[in-house]
Amino acid sequence: MAGYVEMRALALGAAILVWGGQALGFEPVSGYEFLDESTRAMQDDEFENPGMVTVDEGRDLFNERRPDEEASCASCHGEDGEKLDPAVIARYPIYDEHLGGLATLQDRVSYCWENRLDRFPLPYDDPQLVALETFVRNKARGEPVNVQTDGPMSPLIEKGRQLYSTRFGQLDMSCYHCHVQHQGQMLRGQKLSQGQANGFPEYRLGTGRITSLHHRFGECFRSFRADPFEPGSEEYRLLELFVMQRGNGLPIETPAVRF
Amino acid sequence: MRTLLTLLVLISVTATTAQELPPLPSDYCHWKADHLAIDEALCGLKGNPARGRALAIDPHGGNCIACHHLPVPEESFHGTIGPPLDKVASRYTEGQLRLRVVDEQQVNPFTIMPGFYRDPRLANRVADAYWGKTFLTAQQVEDIVAWLVTLK
C-alpha cells in the first residue's frame, strides 16, 4: 500500500509541475462569462441586483455610531466610505505583520470592529461582518483584482496551490479537477467555471442568500463528500489567497449574482 | 541499541498508522487488478442490467450521467466531463469496464472520476456520514457493469 500511496503522491507532483507550466499562458475568466444574458443583466443593474440589499445593510452598519460609542467606521473612512480607496481594497487578501500575516478583507473589517470601535469580537462569517465586507468591496466594483504575489506572499501562494490540488472526500477530488482540468465542461446541467472569487460576497439565486467565499468553499467540499474546514480557518485563508491571485486582473463584481 | 531503537520507532509508526485507518466495511470484498482489468465479479456477485441503468442516472446512486453522455434518451442534461459511454462495450472488455468503475485512478492517476469501490481508507478528510464506506456497494457496481457490457 505504501508503494501505491507514494505513486499517487508522485503523480500529483507531476500534475502540479505540468500545471505550473500551463500557468504561464493562463487567462483568468470571471464566472460572469458563464452566466446567461438575463442573469448578467440582473447583476449589472443596481436596482435589480438582489445583493444590493446587503450592500445597503453594510452601509448602515458602516455609518452607525452606537449611543455609547465615540466612533463609527465612517469616522475614519468618511460617510458612506467615501475615503476608502478602491485600489487598496483590490489588494486583499494582503500580507500585514500588524494583522498577524495573511489577512483577508473580512479580517481587516473584523480588526477595526474589535480594536477601533472596541466592540465584542464576532466569529468569522458573522452576517454583520459579511454585510460590511460586501459594502466595502462593492466600493471597488470594476477595479481589477491586484493581489501581491511576491515577497512573503509567494510561499503562502504555494501552500494554497497545494491545498487547491489536494484530493479530498469520498469522491477523492480536488479544486483543480473541476476548475482547471475540466473548466468549461458540463457537470450535468451546470457549466464548470474557473471558480474565480472576484464577485464575492455574492448573491445566490438558488438559496436567495448572500454567500461568503468561505461558505462557497464549504459547498464545494460537501459536493465531493469531504469534511469542510471552518470559515476563517488557515486552510480557507490560503485557498482564498490562491484563488484571488489566480484572478488578478479580473474586475471586482461584488455583489455578483450566481446560481 | 540502534536496532532496538529503530524497531521501537517502527512499531510506534505502524501502530499510529493502523489507528488512523477506519475499519473496512465488514462486507468489503477485496479485488485485484491484472493488466488493467478486474476479470472476476466483486464477491462473485451477478449484476442486473436494468438496476444498473437506473443507478447510472440516479443522483444518489452512481450518478454517471453527471459527467458522461449515456444512451438514456429520456434524461436531459448529460455531463461532458468524461467521454460518452454510448458504445463503451465495443472498446472495453467486461473486466476492463469493472476496473474503470471500481478505481479509475489505477488507469489514470490524474482522473477526476471517483473510484466507486476503492479501498475507502485511501480517501482524505471524508465527511462523517461517508467515513470508511465505499461509494457504491459491490452489488451496485456489478449491476452497473452488467448494464455497461450491453452498450455495444
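Here is a short report on the structure shown in this document. Just so we're clear, the structure is a prediction, and the values are computed from it rather than from any experiment. (Residues numbered from 1 in each chain as written. Chains lettered and ligands numbered in written order. Predicted model: local features only at pLDDT ≥ 70, side-chain atom pairs only at ≥ 80, totals over all residues. Heavy atoms only, no water.)

**Section: the sheet that holds strand β7 (residues 257-258) of chain A**
Residue and element names in this part refer to chain A.
Point 1. As summarised here, the arrangement of the three strands in space is β6-β5-β7, forming an open sheet in which the pairing is mixed. Unpaired on one side and paired on the other, β6 (209-211) and β7 mark the two borders of the sheet.
Point 2. Pairing between strand β5 (residues 202-204) and β7: two bridges, direction parallel. Across the sheet, the residue bridging to Arg-204 is Arg-258, located in β7.
Point 3. Relative to the sheet, helix α10 (residues 213-223) contacts β5 and β6, its axis offset from that of β6 by approximately 90°. (Pairing = 2+ DSSP bridges. Helix = DSSP H or I, 4+ residues; strand = E, 2+ residues; numbered from the N terminus. Contact = heavy atoms within 4.5 Å. Axes fitted to C-alpha atoms, helices over the stretch in contact; angles between N-to-C directions.)

**Brief notes about the nonpolar core**
Point 1. Judged by nonpolar contacts, the single largest core of 91 residues is most densely connected at Leu-70, Tyr-117 and Leu-148 of chain B.
Point 2. The element contributing the most residues to this core is helix α11 (residues 234-246) of chain A, with seven residues.
Point 3. Once residues within four sequence positions are removed from consideration, Leu-148 of chain B is found in contact with Leu-85, Val-88, Ala-89, Leu-97 and Val-101 of chain B. (Core = buried A, V, L, I, M, F, W, Y, C linked by side-chain atoms within 4.5 Å. Buried < 20%, exposed > 50% of the residue type's maximum accessible area, 1.4 Å probe, protein only.)

**Some points on the packing of aromatic side chains**
Residue and element names in this part refer to chain A.
Point 1. Per the stated rule, a full pass over the model turns up 11 aromatic pairs over all chains.
Point 2. Seen from their ring centres, Phe-168 and Phe-229 are 6.0 Å apart, and the 85° between their planes marks the pair as edge-to-face. Here Phe-229 lies in the loop between α10 and α11 and Phe-168 lies in the loop between α8 (153-164) and α9 (175-181), a separation of 61 residues in the sequence.
Point 3. Judged by relative accessible area, Phe-229 falls into the buried class, the value being 13%.
Point 4. Judged by centre distance (5.4 Å) and plane angle (70°), the rings of Phe-217 and Tyr-236 are edge-to-face. Note that Phe-217 is positioned in helix α10 and Tyr-236 in helix α11, a separation of 19 residues in sequence.
Point 5. Each residue in the set Phe-168, Phe-217, Phe-221, Phe-224, Phe-229 and Tyr-236 is aromatic and connected to the rest through ring pairs, giving one cluster. (Phe/Tyr/Trp six-rings, centres within 6.5 Å; stacked < 30°, edge-to-face > 60°.)

**Section: the side chain of Arg-100 of chain B**
Residue and element names in this part refer to chain B.
Point 1. The residue Arg-100 is located in helix α3 (residues 94-103) in this model.
Point 2. Although buried, Arg-100 forms no salt bridge, and the nearest oppositely charged side chain, Glu-104, lies 4.4 Å from it.
Point 3. What Arg-100 contacts, discounting residues up to four positions off in sequence, is Leu-36, Tyr-92, Val-107 and Met-113. (Lys, Arg positive; Asp, Glu negative; His and termini not counted. Salt bridge = Lys/Arg side-chain N within 4 Å of Asp/Glu carboxyl O.)

**Side note on the pattern of salt bridges**
Point 1. Following the criterion strictly, the structure yields 18 salt bridges over all chains and no others.
Point 2. Arg-237 of chain A serves as the salt-bridge partner of Asp-107 of chain A, at 2.4 Å between the closest nitrogen and oxygen. Within this pair, whereas Asp-107 of chain A is found in helix α6 (residues 105-116), its partner Arg-237 of chain A is found in helix α11, the two being separated by 130 residues in sequence.
Point 3. Residue Arg-237 of chain A is classed as buried on the basis of its relative accessible area of 17%.
Point 4. The salt bridge involving Glu-94 of chain B is made with Arg-98 of chain B; its shortest N-O contact spans 2.6 Å. With a gap of four residues between them, Glu-94 of chain B and Arg-98 of chain B both fall in helix α3, about one helical turn apart.
Point 5. For Arg-98 of chain B, a relative accessible area of 0% puts it in the buried group.

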